[in-house]
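Coordinate analysis (summary)
Listed here are the chains, written in short residue letters.
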Amino acid sequence: MVCKGTACHVSGADKIMEGIERHLQIKEDGVTFDMGYSLESVGCLGCCALAPFTIVNGEIKSNISIKDMKRLFKRKN
Ligand code: FES
């Protein structure tokens, strides 16, 4: 999940979403072919000081960068 609330938007949430889409080769609200990942946006989760804010496999990831994101998402082959 990628927060697209105002603080996260200003902190680059759109670029994070685009990076994840490109990396996983899916679009928002999509699921990877192997069903390993789904991708969705959410509104403000109340952690604006941690923007941009994401949740990956149930874990909160704050101040995430595109570089961090690539490490988080390992494609299953
Ligand atoms: S705007 Fe993303 S946590 Fe508030």
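See the structure above.
Residues numbered from 1 in each chain as written. Predicted model: local features only at pLDDT ≥ 70, side-chain atom pairs only at ≥ 80, totals over all residues. Heavy atoms only, no water.

Attention now moves to the overall build of the protein chain. Within the protein chain, the regular secondary structure consists of 3 helices and 4 strands. Computed over the C-alpha atoms, the radius of gyration of the protein chain is 12 Å, within 12% of the 11 Å expected from 2.2 N^0.38 for a compact globule of 77 residues. Projecting the C-alpha coordinates of the protein chain onto the three principal axes gives extents of approximately 35 × 20 × 20 Å. Taken over 77 residues, the protein chain has a buried fraction of 32%. In the protein chain, the proportion of contacts linking residues at least 24 apart, taken out of those at least 6 apart, comes to 50%. Each charge class in the protein chain was averaged separately, 11 positive and 9 negative side chains, and the resulting centres sit 8 Å apart. (Helix = DSSP H or I, 4+ residues; strand = E, 2+ residues; numbered from the N terminus. Rg over C-alpha atoms; globule rule 2.2 N^0.38 Å. Buried < 20%, exposed > 50% of the residue type's maximum accessible area, 1.4 Å probe, protein only. Contact = heavy atoms within 4.5 Å. Lys, Arg positive; Asp, Glu negative; His and termini not counted. Charge placed at Lys NZ, Arg CZ, Asp CG, Glu CD.)

Attention now goes to the side chain of T54. By the secondary structure assignment, T54 is in strand β3 (residues 54-56). Excluding anything up to four places from it in sequence, T54 contacts M1, V2, I16, E59, I60, K61 and I64.

Here we come to unusual backbone geometry. Along the chain, A51 connects to P52 via a cis peptide bond; the corresponding omega equals -5 degrees. Residue position: P52 is located in the loop between β2 (41-42) and β3. A positive phi is found at D29, a non-glycine position, where the angle reads about 70 degrees. Along the chain, D29 falls in the loop between α2 (13-24) and β2. Positive phi, normally seen in glycine, also occurs at N57, with a value near 50 degrees. With respect to the secondary-structure elements, N57 resides in the loop between β3 and β4 (59-61).

Another aspect to go through is the pattern of salt bridges. The final tally for this structure, using the stated rule, is 4 salt bridges. The salt bridge involving K4 is made with E28; its shortest N-O contact spans 3.1 Å. Highlighted residues: K4 in the loop between β1 (2-3) and α1 (6-10) and E28 in the loop between α2 and β2, separated in sequence by 24 residues. With relative accessibility at 32%, the residue K4 sits in the partly exposed group. For E28, a relative accessible area of 28% translates into the label partly exposed. (Salt bridge = Lys/Arg side-chain N within 4 Å of Asp/Glu carboxyl O.)

Moving on to the state of the cysteines. Going through the model one piece at a time under the given rule, you end up with 0 disulfides. Considering cysteine sulfurs only, C48 is the nearest to C47, which forms no disulfide, with 7.5 Å between them. On the basis of relative accessible area, C48 is assigned to the partly exposed category, the value being 38%. (Disulfide = S-S within 2.5 Å.)

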